[in-house]
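# Summary of structural features
What follows is the residue order along each chain.
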Amino acid sequence: MSDRESTNGSAERRLGVFKTYKLYVGGKFPRSESGRVYEVTDSKGQWLANAPQSSRKDARDAVVAARKAFGGWSGATAYNRGQVLYRVAEMLEGRKEQFVREVAAAEGLSKSKAAAVVDAAVDRWVWYAGWTDKIGQISGGANPVAGPFFNLSTPEPTGVVAVLAPQKSSFLGLVSVIAPVIATGNTAVVIASADAPLPALSLGEVLATSDVPGGVVNILSGATAELAAPLAAHQDVNAIDLTGAGAELAKELEIAAADNLKRVLRPLPAEADGSDPSTDWLAAPGTHRLTAFLETKTVWHPTGALGAAGSSY
């Protein structure tokens, strides 16, 4: 047998290396605490991978990680957060081929349509990166008051945000709900699409190799209702985005969220779960998601007299 035949024979006998998908919590890649996995299939029902079946314990661990990261992330300058988000876009650009394959399989799209979706997701990261140091210009400012005071309003992040990612737009929709949360200084616990979690879990690998501090974004996969219930009732979660919840589940979660007065973001009609093809997410997003998880801090400061004439500023 010639060397070439031997090489070809080895190639024919070689077994492919299957990718192991893991959760992304606290900057690390744990397996589910329960050890459970579930099968993920493509649009034709063919097996793609086994994804971790997150438990309630995983959800609680993710909240702990998000809370731990909140101080440093919210305390960073808006300009620095913009640089970090832009770095994520750079890393995504370098791994576009992988995401095109995963999005095409998850959503049943052609390669060209999947590529357009991935391009739009990368561009959306850049778009939100540009807003980090500008959102304060439209959601804060000096207020006119009758009296010798300066009155200034400034936006501040809400805290830990639970995000239910869109069920059908596995990547563009995912990016569209994560990026505005962290752009404004919040930290996130994200529940990926139950049926198409692979792009979300791969995004965790991108975040880990970019400049995003561990715990700023935590990504869980599994049954949305099973994970969302403890997050909606969690006393250390400050807000919840219900985009990936159906109408009945959203109502239950909103009731649970009222216990500690969480901010609740309901999906827009175009984003409503049930008929959200990727094209719904291609439109310009506007700023409503940036302002949804911001608090307004108003400071009164007395003016002082200047000079002997008693003039003031």
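Report on the accompanying structure.

### A short note on the sheet that holds strand E9 (residues 263–265)
Taken in spatial order, the five strands of this open sheet run E7-E6-E5-E8-E9, and their pairing is parallel. Each of the sheet's edge strands pairs with one partner strand only, and the pair in question is strand E7 (217–220) and E9. The average angle at which neighbouring strand axes cross in this sheet is 15°, direction not considered. Judged from the three bridges that link them, strand E5 (residues 160–164) and strand E8 (residues 239–241) form a sheet pairing that is parallel. The partner of Val 161 across the bridge, within E8, is Ala 239. Contacts between helix H2 (residues 56–75) and the sheet are confined to E5, strand E6 (187–191) and E7, with E6 contributing the most and set at about 155° to the helix.

### Some details on the packing of helix H9 (residues 224–233) against helix H10 (residues 247–257)
Between H9 and H10, the least distance of the axes is 8 Å, while the angle of their chain directions is 20°. Taken together, H9 and H10 sit at an angle that is classed as roughly parallel. In this structure, H9 crosses over H10, and the sense of that crossing is right-handed. Across the interface between the two elements, Thr 224, Ala 225, Ala 228, Ala 229, Ala 232 and Ala 233 of H9 pack against Leu 249, Leu 253, Ala 256 and Ala 257 of H10.

Reading the values: the criteria
Residues numbered from 1 in each chain as written. Predicted model: local features only at pLDDT ≥ 70, side-chain atom pairs only at ≥ 80, totals over all residues. Heavy atoms only, no water. Pairing = 2+ DSSP bridges. Helix = DSSP H or I, 4+ residues; strand = E, 2+ residues; numbered from the N terminus. Axes fitted to C-alpha atoms, helices over the stretch in contact; angles between N-to-C directions. Contact = heavy atoms within 4.5 Å. Parallel < 35°, antiparallel > 145°, perpendicular 65-115°, else oblique. Left-handed = near helix turned anticlockwise from the far one by under 90°.

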